[in-house]
Amino acid sequence: MAAASTIHEPYVRAAVLRDLAPRLPVELLGQAVAAASTIHEPYVRAALLRDLAEHLPREQRATVIGQSLVSASLSGRRGVTDTLPAVLSVAQGDESVGAAVIASLLRVCRWWP
């Protein structure tokens, strides 16, 4: 995890964290989410957070999914359309995610043509 956090290229850091996630114990997944949150490219950050959420315990998913949706809404139309289906499948049955989805859509509607 420490080595992955030192990678400066956002796409490479995301690929490494995505590959590590299924192999990490739950205790280290929080560090992976923290490392993902420092990625400055919103689209890459949104996709990685979305993918990491799958590996988290159910009670921790909503927060990470919300972060993913915020990042997706900052990245543009493609970020939102790519993120929503995956987020909704990961969050299936979690009503708290609905508010994050609506907030993300409203944020995009401010500038979406």
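All of the points below concern the structure found in this document.

## Digging into the overall build of the chain
Stage number 1. Helices and strands together make up the secondary structure of the chain, namely 7 helices and 0 strands.
Stage number 2. Ordering the α and β elements of the chain from the N terminus gives α-α-α-α-α-α-α.
Stage number 3. About 6100 Å² of surface is accessible on the chain, with carbon and sulfur atoms providing 59% of the total.

## Let's talk about the environment of Ala-103
Stage number 1. Topologically, Ala-103 is positioned in helix α7 (residues 96-109).
Stage number 2. Along the chain, Ala-103 and Gly-66 lie 37 residues apart, while their C-alpha atoms are 9.1 Å from each other.

## A look at the environment of Tyr-43
Stage number 1. Secondary-structure assignment places Tyr-43 in helix α4 (residues 42-53).
Stage number 2. Between the C-alpha atom of Tyr-43 and that of Ser-68, which follows or precedes it by 25 residues, the distance is 9.0 Å.
Stage number 3. Not counting the four nearest positions on each side in its chain, Tyr-43 is found in contact with Ser-75, Arg-78, Gly-79 and Asp-82.

Cut-offs used in this document
Residues numbered from 1 in each chain as written. Predicted model: local features only at pLDDT ≥ 70, side-chain atom pairs only at ≥ 80, totals over all residues. Heavy atoms only, no water. Helix = DSSP H or I, 4+ residues; strand = E, 2+ residues; numbered from the N terminus. Areas by Shrake-Rupley, 256 points an atom, 1.4 Å probe, with all protein chains shown as cover. Contact = heavy atoms within 4.5 Å.

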